[in-house]
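The lines below spell out each chain.
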Amino acid sequence: MPIGKPPASSPPPERGAAPVRPHGRPGRSRRAAKAIASVGGVLAFLSCCGGGPAFWLLKEPRILLFAVPALALGLLGLWATKPAQWSAIRRGLRLAPGVAELARRLGVPEEALRSFRPAYREARIPKRRGGHRILQVPDPGTMDLQRRILRRLLGRLRSHDAAYGFERGRSIAHNAAQHCGRAIVLRFDAVDFFPATRAARVERMFLRLGWNREAAALLTRLVTHDGGLPQGAPTSPRLSNLVNRGLDSELAGRIGRLRGRYTRYADDVTISFPEDWIGTPERAREIVRKSFAIRGYRLHGRKCSVRRRHQRQVVTGLVVNRRPALPRPLRRLLRAARHRVATGREATLTPAQLAGWAAFESMVRAQGAETPEPWVRRRRPWNRVRWRP
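Model, not experiment: these values are computed from the prediction.

Draft legend 1. Representation of the overall build of the protein chain within the structure. For the protein chain, the count of helices and strands is 16 helices and 10 strands. Considering only contacts within the protein chain whose residues lie at least 6 apart along the sequence, 70% involve residues at least 24 apart.

Draft legend 2. Seen up close, the packing of aromatic side chains. In this structure the tally under the stated criterion is 6 aromatic pairs. Ring geometry for Phe166 against Tyr265: centres 6.4 Å apart, planes inclined by 35°, an arrangement best described as tilted. Note that Phe166 is positioned in the loop between helix 7 (140-154) and helix 8 (172-177) and Tyr265 in strand 4 (residues 261-265), a separation of 99 residues in sequence. With a centroid separation of 5.7 Å and an interplanar angle of 55°, the aromatic rings of Phe193 and Phe194 are classed as tilted.

Draft legend 3. Layout of the nonpolar core. Grouped together as the largest cluster of nonpolar side chains are 47 residues, with contacts concentrated most on Phe206, Ile271 and Phe292. The residues touching Phe206, leaving out its near neighbours within four places in the chain, are Leu154, Trp211, Ala216, Leu219, Thr220, Val223 and Leu239. The next biggest cluster of nonpolar side chains, apart from the first, holds 14 residues, and it includes Val185, Val315, Val320 and Leu334.

Draft legend 4. Spatial organisation of the sheet that holds strand 6 (residues 305-308). Spatially, the 4 strands line up as an open sheet ordered 4-5-3-6, and their pairing is antiparallel. The open sheet terminates on both sides in strands that have one partner only, identified here as strand 4 and strand 6. This sheet shows a mean twist of 15° between the axes of neighbouring strands, independent of strand direction. In the packing of helix 13 (residues 245-257) onto the sheet, the strands contacted are strand 4 and strand 5 (268-273), and the crossing angle to strand 4 comes to about 155°.

Draft legend 5. Region of the structure containing the packing of helix 10 (residues 199-208) against helix 11 (residues 213-223). It is at 9 Å that the axes of helix 10 and helix 11 come closest, and there the two elements cross at 135°. By the angle class used here, helix 10 and helix 11 are oblique. Crossing handedness for the pair helix 10 and helix 11: right-handed. When helix 10 is examined against helix 11, the residues Ala199, Val202, Glu203, Phe206 and Leu207 are found in contact with a partner set consisting of Arg213, Ala216, Ala217, Leu219, Thr220 and Val223. Class assignment of the residues belonging to the contact of helix 10 with helix 11 gives a composition of 8 nonpolar, 1 polar and 2 charged.

Draft legend 6. Structural context of the pattern of salt bridges. Here the structure, examined in full by the defined rule, presents 14 salt bridges. The partner of Arg254 in a salt bridge is Glu250, and the shortest N-O contact between them spans 3.8 Å. Pair noted here: Arg254 and Glu250 are both in helix 13, with a separation of 4 residues, about one helical turn. The network of salt bridges with shared partners includes Glu101, Arg104 and Arg105.

How each quantity is defined
Residues numbered from 1 in each chain as written. Predicted model: local features only at pLDDT ≥ 70, side-chain atom pairs only at ≥ 80, totals over all residues. Heavy atoms only, no water. Helix = DSSP H or I, 4+ residues; strand = E, 2+ residues; numbered from the N terminus. Contact = heavy atoms within 4.5 Å. Phe/Tyr/Trp six-rings, centres within 6.5 Å; stacked < 30°, edge-to-face > 60°. Core = buried A, V, L, I, M, F, W, Y, C linked by side-chain atoms within 4.5 Å. Buried < 20%, exposed > 50% of the residue type's maximum accessible area, 1.4 Å probe, protein only. Pairing = 2+ DSSP bridges. Axes fitted to C-alpha atoms, helices over the stretch in contact; angles between N-to-C directions. Parallel < 35°, antiparallel > 145°, perpendicular 65-115°, else oblique. Left-handed = near helix turned anticlockwise from the far one by under 90°. Nonpolar A, V, L, I, M, F, W, Y, C, P; charged D, E, K, R; others polar. Salt bridge = Lys/Arg side-chain N within 4 Å of Asp/Glu carboxyl O.

This is the structure:
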């Protein structure tokens, strides 16, 4: 029996999936609040003209019936203003922190910070599947300054909940647990993720955080190399999550409306669905491709995979068909190595390596138990098909 599109009584979007609106268009409620706030600001200004509010209150106490609603509308306008707009207002009024404040927070003299020039050396690391990964490793002085930026400026900033890579308290097991027991799992991989995160996007992020243009340009120069994030700098992983907060929010919302789950671990994107609806994988693939292309990324064609329930579903190296677990060939290798060590024979792994693998398996079992409750069909008298999250 073919499976068609989701029924009319299909489940609501995933918990935490933010609604997505077209770029540049705020929501209706926020636009209405801004319009009302503008009217309230004009009324408040007019109420204060002609001798000041004290004179008006002494002359006509009933002015309170006019001034209080105007004040309330003005406060509503403050509530409707986004943090990025406040940053723009502070930059326009020259109230945004600059290079002097940046030097104070980093504990570096201002002149030394302005004249600092980052330096990198190239290193090649062999990949498991062949080829080499090129790293731009900063020199000791650049490494120390970037670590200060990471600890003192970026450490307390919050990325999107769908980002699981390089986040404190999250691991590959937490990422894999989000996709356990699903009917279909889709995986995507971005090409040159760190270098493709352009310096212009990093600078816009620092501007949104409240720094003025000079400080934002200086910070961008300190954490980027050749127009992108250097793969090997300590700040690049954290910046990749902060810069792509909008990307994660958009994909989480759009995939959530398709009744799916979205997570991202660095450049590995995983999407899963509770049922294998016709056309859903193709639609999800196109959504991810367009969202990444808008921000300058390109998906790796050979690393995009679709795995269904009868196949082995692997997310960040862990099998998720039932619960997060190591792949079967690796489990058999570890079991054989432990047996040879226990019987006094030579094994391919040392006892210290086996102890490390045992600790890793324990972590996967403990953190993999935090699996979200799956979506289940339930029949109820008032609706033939009912869903629950």
